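Summary of the model geometry
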Amino acid sequence: YLGRGLQSPVFTKQPGSIVFPADSMDRNREVVFSCEAEGNPSPIYRWNLNGTIISPKAGSRYSLSGGNLRISQLNKDQDAGTYQCLASNSFGTIISREASLTFACESQTISVSPFSFVIKPAEPPVWKPLTFSWIFNEYPTFVKQDSRRFVSQETGNLYIAKVEPSDVGNYTCVVTNTVTKTRVQGPPTPLVLRSDGIMGEYEPKIEVQFPEAVPAAKGSTVKLECFALGNPVPSITWRRTDGVPFARKVDVRKTIGVLEIPYFQQEDAGMYECVAENSKGRNTVKGKLQFYAPPQLIENPQDVQKAIDESLVWECKATGKPKPMYRWMKNGQSLEPEEVGVSHMSGSDVGMYQCVAGNKHGQVYSNAELRVVGKRILSSSDFSQNLLKTHTMVREGGDVLIECRPKMSPRGKISWRKGNEALRETHRISILDNGSLRLTNATKSDAGIYTCIAGNQFGTASSAGSLLVKEPTIITTPPATLDITVGESIVLPCQVTHDPSLEPKFTWFFNEQLIHFGNHGGYFEKHSAGDIMIRNIQLRHAGKYTCAVQTKVDSSSIATDLIVRGPPGPPTSVHVEEISDTTASLSWRPGPDNHSPITAYTIQARTPFSLGWQAVSTVPEVVGGRRLTATVTDLSPWVEYEFRVLASNTIGTGEPSRPSRQARTKESLPKVTPANVSGGGGSRSELVITWEPVPEELQNGGGFGYVVAFRPYNATGWMQAAVPSAEVSRYVFKNDTIQPFTPFQVKVGVYNNKGEGPFGPAVTVYSAEEEPGSAPSRIHASSLSASDVEVTWRVLPWITGRRPDQSKRVYWEKREKEEMASVLRTVGNRTSAVIQGLRGSTTYSVTVRAYNTAGTGPPSNVVNVTTKKPPPSQPPVKVMWNTSNSKIILNWEQVKALENESEVTGYKVLYKRNRSSQPRVMETNTTSVELSLPTDEEYIIQIKPIGEGGEGNSSRQITIPRISGPNAIGSASTVSTLSALSTIALSFTARTSL
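Attention here is on the structure that accompanies the text. (Residues numbered from 1 in each chain as written. Predicted model: local features only at pLDDT ≥ 70, side-chain atom pairs only at ≥ 80, totals over all residues. Heavy atoms only, no water.)

**As for the overall build of the protein**
Put simply, the test is: Strands are runs of DSSP state E lasting at least two residues, helices are runs of H or I lasting at least four, and both sets are numbered from the N terminus onward. Remark: exposure states derive from per-residue accessible area (1.4 Å probe, protein chains only) relative to the maximum for the residue type, with buried under 20%, exposed over 50%, and partly exposed in between. Any two residues whose heavy atoms approach within 4.5 Å are treated as being in contact. Accessibility throughout is a Shrake-Rupley quantity obtained with a 1.4 Å probe, and a residue counts as covered only by protein chains that appear here.
A tally of regular secondary structure across the protein gives one helix and 89 strands. Here the protein holds 994 residues, and the buried ones make up 45% of them. By sequence separation, contacts in the protein at least 24 residues apart represent 66% of the contacts at least 6 residues apart. Approximately 50600 Å² of the protein is accessible, and the part contributed by carbon and sulfur atoms is 48%.

Following this line, the structure appears as structure tokens:
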């Protein structure tokens, strides 16, 4: 029967409670409760709400996906309550733990005087696994708790002991479900500072206090809250009224009014007192911590198979304080009485049974399956399938259960012995009804060999195992609050004492989330023993760090609060309150100070014309950390600005705020005139005036344009013309009476919609010139080489109406048509030019013309010039070298020029020490040369023939290696140097004579 793989249902995932904002009820919001179970056949699922079965139907708000229940179009009145999942197959039905759906965090608008401030959720939370926080103005700026501000994790209320102007703004309640990790938030609640109140000093008024009796679960973390309103801001201290000092594990966070006691034990119970005190008085509140324990099963019903007509008694035992109450369920339905007994077993008794043990602090469920078979099997006791554990370990002072589960039918008697002595039950030692041995508050003397003896009328058997009592694991590092600055590194200690035979395992949690070393950007590293190091710490690393130590027999943990100080967070709500043509009044809200008071603010601005964000001048010049307004000065009129604010403290400057909305400064009269006013040129009888347009950001308003004023030199009256376009940079005045090259005084002014601005300084601009009327004289051309010709001429005398510094054009050609000639221009009063790149043995015709801005004058007389024959084309060959007494001796064959080449008149020897150095030149008229050079260097040498036509082709590079010396020389490229040509306009015609 069991071999066919059949299985009764067992939950693998049970629903968790859900909190939902009461004021976020749009028709598209929905929730999902999770439920999964294993079983064969596969389980089918049902759900109940407040004990009533839900029937999902087509078109209803409830639907099932596997075992998950989806509720759409949430209705606060209909859907709030307790949900349970039922999983069934052919073996029976089991029911899940309870899960609640609650609606929370509906806040109220409150206006207060400048004394104190409280925001309360409209409905207090009813389910504990919630955390509360409050957003100030904009996410992600959360209210930071300190001696002045407090968020109760019991009620969700936000308290401000003494309201300051920086507290004015919108507050939004955020509720986080710590089980499902979902987060919801309510609507914003404005805090408005009334102006009719007068700030006065008064004694502390305790607003947050714990009850007179506080039940505290064994092993839990107990947090007592205490916070007072008052002026001056009250201080909070804690003590035990019995005078017993706090244990090292107790964390007293005075700054946020919380007393935290981790791993609560019986000795931590007692009367606690919170004291709130300031210079005006003192108030206290007391409460008693009462030790309790939620139910914990110590004896579970086990799956059982019985024969027809047999009897069955199932027992279910649990510890707890108060004492748990029990109820039984079969296939999801309640049974009576508390202890289930079945006599004369029949097939109708088959099913899934659940024991539910509960007190006011919780419930625990156990499952067991009952199967009924047709025939009873009798047997003696047998341990072969369920031997006692060979070794059972317990820590000194701990509790341990040694199970004894022999197989025998009918059930017989079970007894125990330690060593050779029979065990008797005491206040610490008890034998459970199922035969298991329970031992509490273990001591070293309890270690030894324990034997379980089981027998019935068919025989007796026994099984033995050893009990090892180990020293408890104790964390010696006390809880602490550590303080560190962004960018620093810190070691969080976790030192323990433990049984030397056990290896402790250390696990670290950050804000109750497991730290995976190697992730988290490499910030977290394991240090010596159980310590961890956080490198280059960031603001996001602030929080609660818990070190958990576990051995095979026990576990312990300790918490450390880490405060990270850093530059302030970005300010919020940057607004332009008022703007003029050159100033803007700004306001903003402070961001978090990150545990270091804000000392100053910096304001930056940008425009469509600026290169990013730029610091601006303000009034006051230095904006202190307590100011939340400032006036920006020296702005440009009629420009769109964005502003942002940065906060600084002693640690540094934080991230900037979000930019403000764009705001345009008002218009004003223009003040900036065009730059680089000049002109000249143009056609006859024209006065051309030019300038650089004024940039848009300096125009100071719309309708921008220019006023051009001009007059003949030494005249009294000005002529003016308006240019109504900001982009135009030229104005031409034409009048037939204007004489060529007449000087004018010119100035350019500006205007916009607000009126006329200033004129710029007056400059002298000449009217258009006349073109040159005569040609240059005394033209002479001479050949310098096969490729270069020099041309000279006489300067023209200055004539009225023309510039005295007329430039020249030189024309040259090899044909008779001047329009095909090449042209070389010169500038100014030069009297010569060199024409390069010509062909050797070629006759060229050359003419010269003067030109100016008005045009080109007549050509000069034509002169002819013939270039010299080309230089020798054959390179030197058979170059030989040798070294002697720091000398390099070179020899080569005589180069013979061809018929159409100029004769060889000598040679140039180019040599350099290595490839990267500059070559040196030696000339000779022989075919050998002696160089006085050190022979411990490498040399590169080339030889060129020279003649009347210039330099000929070079020999191949010759590398002469160093004769001695430790270093090798690297190679480099040869660099050619070209001389620059001055601009000259020449015209000449060439006739080839070869």
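Structure's up, so let's keep going.
**Re the state of the cysteines**
Operational definition: Counting rule for disulfides: a pair of cysteine sulfur atoms within 2.5 Å.
Under the definition given, this model contains five disulfides. Linked covalently through their sulfurs, cysteine 226 and cysteine 274 form a disulfide whose S-S length is 1.9 Å. Across the S-S bond linking cysteine 226 and cysteine 274, the dihedral sits near -75°, which makes this disulfide left-handed. Highlighted residues: cysteine 226 in the loop between β21 (222-225) and β22 (227-231) and cysteine 274 in strand β26 (residues 270-278), separated in sequence by 48 residues. We classify cysteine 274 as buried; its relative accessible area is 0%. Paired by a disulfide, cysteine 404 and cysteine 452 hold their sulfur atoms 1.8 Å apart. Around the S-S axis, the bridge from cysteine 404 to cysteine 452 shows a dihedral of about -70° and counts as left-handed. Of this pair, cysteine 404 sits in the loop between β38 (400-402) and β39 (407-409) while cysteine 452 sits in strand β44 (residues 448-456), and the two are 48 residues apart along the sequence. Each member of the pair, cysteine 404 together with cysteine 452, is buried.

**Re the environment of proline 961**
Along the chain, proline 961 turns up in the loop between β88 (958-960) and β89 (986-992). With residues up to four places along the chain from it excluded, the contact list for proline 961 reads Trp881, Glu937 and Glu938.

**Description of the pattern of salt bridges**
To keep it simple, the criterion reads: Salt bridge, as used here: a side-chain nitrogen of Lys or Arg that lies within 4 Å of a carboxyl oxygen of Asp or Glu.
For the coordinates displayed, the defined rule picks out 24 salt bridges. Put simply, arginine 606 and glutamate 642 hold a salt bridge, and the shortest N to O gap is 2.8 Å. With a gap of 36 residues between them, arginine 606 in strand β58 (residues 600-606) and glutamate 642 in strand β63 (residues 640-648) connect regions that are remote in the sequence. You can call arginine 606 partly exposed: its relative accessible area is 30%. Here the residues in one salt-bridge network are Arg148, Glu164 and Asp167, joined through shared partners.

**Let's talk about the sheet that holds strand β48 (residues 490-492)**
How we decide: Two strands form a pair only when DSSP identifies at least two bridges running between them. Orientation is described by lines fitted to C-alpha atoms, with helices fitted over the stretch in contact, and by angles between N-to-C directions that extend from 0 to 180 degrees.
Here we have three strands laid out as an open sheet, ordered β48-β53-β52, and antiparallel in their pairing. The two strands at the open ends of the sheet, each matched to only one other strand, are β48 and β52 (524-526). In this sheet, adjacent strand axes meet at a mean angle of 30° when their direction is disregarded. In this structure, β48 lies alongside strand β53 (residues 532-534), joined through three bridges in antiparallel fashion. Across the sheet, the residue bridging to leucine 492 is isoleucine 532, located in β53.

**Structural notes on the side chain of glutamine 84**
Inclusion rule: Contacts described as polar in this section are N or O atom pairs within 3.5 Å, which, within protein, must combine one atom able to donate a hydrogen with one able to accept it, while residues neighboring in sequence count only if both atoms come from side chains.
Inspection of the secondary structure puts glutamine 84 in strand β9 (residues 81-89). Within the local environment of glutamine 84, its side chain forms a polar contact with the backbone oxygen of serine 96, the two atoms lying 2.9 Å apart. With near-sequence residues (within four places) excluded, glutamine 84 lies in contact with Arg46, Trp47, Asn48, Ile95, Ser96, Arg97, Glu98 and Tyr365.

**Things to note about the nonpolar core**
Generally speaking, soluble globular proteins have nonpolar side chains that are buried together. Operational definition: Buried Ala, Val, Leu, Ile, Met, Phe, Trp, Tyr and Cys residues that are joined via side-chain atoms within 4.5 Å together make up what is termed a nonpolar core.
Membership of the largest hydrophobic core comes to 23 residues, with the highest contact counts inside it found for Phe33, Trp47, Leu69, Ile71, Tyr83 and Leu101. Put simply, the parts of the chain that give this core at least two residues each are β2 (18-21), β3 (30-33), β5 (44-49), β8 (68-72), β9 and β11 (99-104).

**Details of unusual backbone geometry**
Here the bond from asparagine 40 into proline 41 is cis, since omega is 10°, no more than 30 degrees from zero. Structurally, proline 41 can be placed in the loop between β4 (36-40) and β5. For the bond running from asparagine 231 to proline 232, omega is 0°, close enough to zero to count as cis. For proline 232, the location among the structural elements is in the loop between β22 and β23 (235-240). Of note in this structure, serine 685 is not a glycine but carries a positive phi near 70°. By secondary structure assignment, the location of serine 685 is in the loop between β65 (675-679) and β66 (686-692). Residue classification places serine 685 among the buried residues on the basis of a relative accessible area of 10%.

**Side note on the sheet that holds strand β43 (residues 437-439)**
Strands belonging to one sheet form pairs held by backbone hydrogen bonds; the direction of such a pair is parallel or antiparallel. Ordered in space as β38-β43-β42, the three strands form an open sheet in which the pairing is antiparallel. Each edge of the open sheet is held by one strand with a lone partner, namely β38 and β42 (429-431). Strand-to-strand, the axes of this sheet are offset by a mean angle of 20°, without reference to chain direction. Both β38 and β43 contribute to a ladder of three bridges, which runs antiparallel. Residue pairing across strands places valine 400 opposite leucine 439, the latter belonging to β43.

**A look at the environment of alanine 600**
Checked against the element boundaries, alanine 600 lands in strand β58. Expressed as a C-alpha distance, the spacing of alanine 600 and valine 623, which sit 23 residues apart in the sequence, is 5.6 Å. Aside from chain neighbours lying at most four places away, what touches alanine 600 is Val623, Gly624, Gly625, Leu646, Ala647 and Ser648.

**Points about the pairing of strand β69 (residues 730-734)**
In β69, alternate side chains face the same way, and those of Tyr731 and Phe733 are buried while those of Arg730, Val732 and Lys734 on the opposite face are not. Sheet topology note: the β66/β69 ladder contains five bridges and is antiparallel. The residue of β69 that forms the bridge with threonine 690 is arginine 730.

**Regarding the side chain of aspartate 167**
Structurally, aspartate 167 is set in the loop between β16 (158-160) and β17 (169-177). Residues contacting aspartate 167, with those up to four places away along its chain left out, are Phe136, Arg148, Arg149, Ile160, Lys162, Leu191 and Arg589.

**Quick word on the packing of aromatic side chains**
Rules: Each aromatic pair joins two rings of Phe, Tyr and Trp (for Trp, the six-membered one) with centres within 6.5 Å, and gets the label stacked for planes under 30 degrees apart, edge-to-face for over 60, and tilted for any other angle.
Going through the model one piece at a time under the given rule, you end up with 22 aromatic pairs. Aromatic side chains tyrosine 159 and phenylalanine 227 sit 6.4 Å apart centroid to centroid with 50° between the ring planes, which places their arrangement in the tilted category. Highlighted residues: tyrosine 159 in strand β16 and phenylalanine 227 in strand β22, separated in sequence by 68 residues. The exposure class assigned to tyrosine 159 is buried, which follows from its relative accessible area of 5%. On the basis of relative accessibility, which here comes to 2%, the residue phenylalanine 227 falls in the buried class.

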